[in-house]
Amino acid sequence: NISIHRWFHNSIDKSRIADSIAQHLDVCNDEFDIKRCGAMVLYSGVILGLCCEVMFNHLFPIMFRGETNPLVLAVKMALFDVFVNAPLLWLTPAYIL
């Protein structure tokens, strides 16, 4: 799927740039940590790129199919993301890596 491929690579590119800048600005760090950058790229590409693409563009439309009010739909999706996705999907791998 082109959309998933685009999300994955977009997330990887942004995380690589962000971590490089963060490591450069870190006064306690004198040299580039490739392991840290790799972990950030892995987390961003897989969790934030692929999982968010699948969740928001493929699963949420199925889960919240009957909702017609856009405001109620947005609130339901946001609450599900904050109370289910964040603790189970987004934050757990961040602490493991």
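Since we're looking at a predicted model, the values are computed, not measured.

A. The arrangement of a nonpolar patch on the surface in detail. A cluster of nonpolar side chains, L71, V75, L79, V82 and F83, forms an exposed patch at the surface whose accessible area comes to about 510 Å². Checked against the element boundaries, F83 lands in helix 3 (residues 70-96).

B. Structural detail: the packing of aromatic side chains. For the structure on display, the rule yields four aromatic pairs. Arranged with centres 5.4 Å apart and planes meeting at 70°, the rings of F60 and F64 form a pair that is edge-to-face. Among the aromatic side chains, those forming a connected cluster through ring pairs are F56, F60, F64 and F80.

C. Broad picture of the state of the cysteines. If you walk through the whole model with that rule in mind, you get zero disulfides. Cysteine C52 is unpaired, with the sulfur of C51 as its nearest cysteine sulfur at 7.1 Å. Taking the relative accessible area as the measure of exposure, C52 reaches 13% and is therefore buried.

D. Spotlight on the environment of R6. Structurally, R6 is set in helix 1 (residues 2-25). Looking at R6, the relative accessible area reads 52%, which means it is exposed. Considering only alpha carbons, one finds R6 and A18, twelve residues apart in sequence, at a separation of 18 Å.

E. Structural context of the pattern of salt bridges. Tallied over the full model, the rule gives three salt bridges. Residue R16 pairs with D13 through a salt bridge whose shortest N-O separation is 3.7 Å. In this pair, R16 and D13 are both assigned in helix 1, three residues apart and thus about one turn of the helix distant. According to the relative accessible area criterion, R16 is partly exposed, its value standing at 39%. Between E67 and K76 there is a salt bridge, with the nearest N and O atoms lying 2.9 Å from each other. What makes K76 partly exposed here is its relative accessible area of 37%.

F. Structural detail: the packing of helix 2 (residues 34-63) against helix 3. Where helix 2 contacts helix 3, the two axes come as close as 12 Å, and the packing angle between them is 155°. Taken together, the axes of helix 2 and helix 3 lie roughly antiparallel to each other. With respect to the hand of their crossing, helix 2 and helix 3 are arranged in right-handed fashion. Side by side, helix 2 and helix 3 meet where Y43, I47, C51, C52, M55, F56, F60 and M63 of the first sit next to M77, F80, D81, N85, L89, W90, P93 and A94 of the second.

Calculation criteria
Residues numbered from 1 in each chain as written. Predicted model: local features only at pLDDT ≥ 70, side-chain atom pairs only at ≥ 80, totals over all residues. Heavy atoms only, no water. Patch = residues over 30% accessible without salt bridge, like charges linked within 9 Å, V, L, I, M, F, W, Y side chains within 5 Å. Areas by Shrake-Rupley, 256 points an atom, 1.4 Å probe, with all protein chains shown as cover. Salt bridge = Lys/Arg side-chain N within 4 Å of Asp/Glu carboxyl O. Helix = DSSP H or I, 4+ residues; strand = E, 2+ residues; numbered from the N terminus. Phe/Tyr/Trp six-rings, centres within 6.5 Å; stacked < 30°, edge-to-face > 60°. Disulfide = S-S within 2.5 Å. Buried < 20%, exposed > 50% of the residue type's maximum accessible area, 1.4 Å probe, protein only. Axes fitted to C-alpha atoms, helices over the stretch in contact; angles between N-to-C directions. Parallel < 35°, antiparallel > 145°, perpendicular 65-115°, else oblique. Left-handed = near helix turned anticlockwise from the far one by under 90°. Contact = heavy atoms within 4.5 Å.

Function cannot be inferred from these measures alone, as they are strictly geometric.
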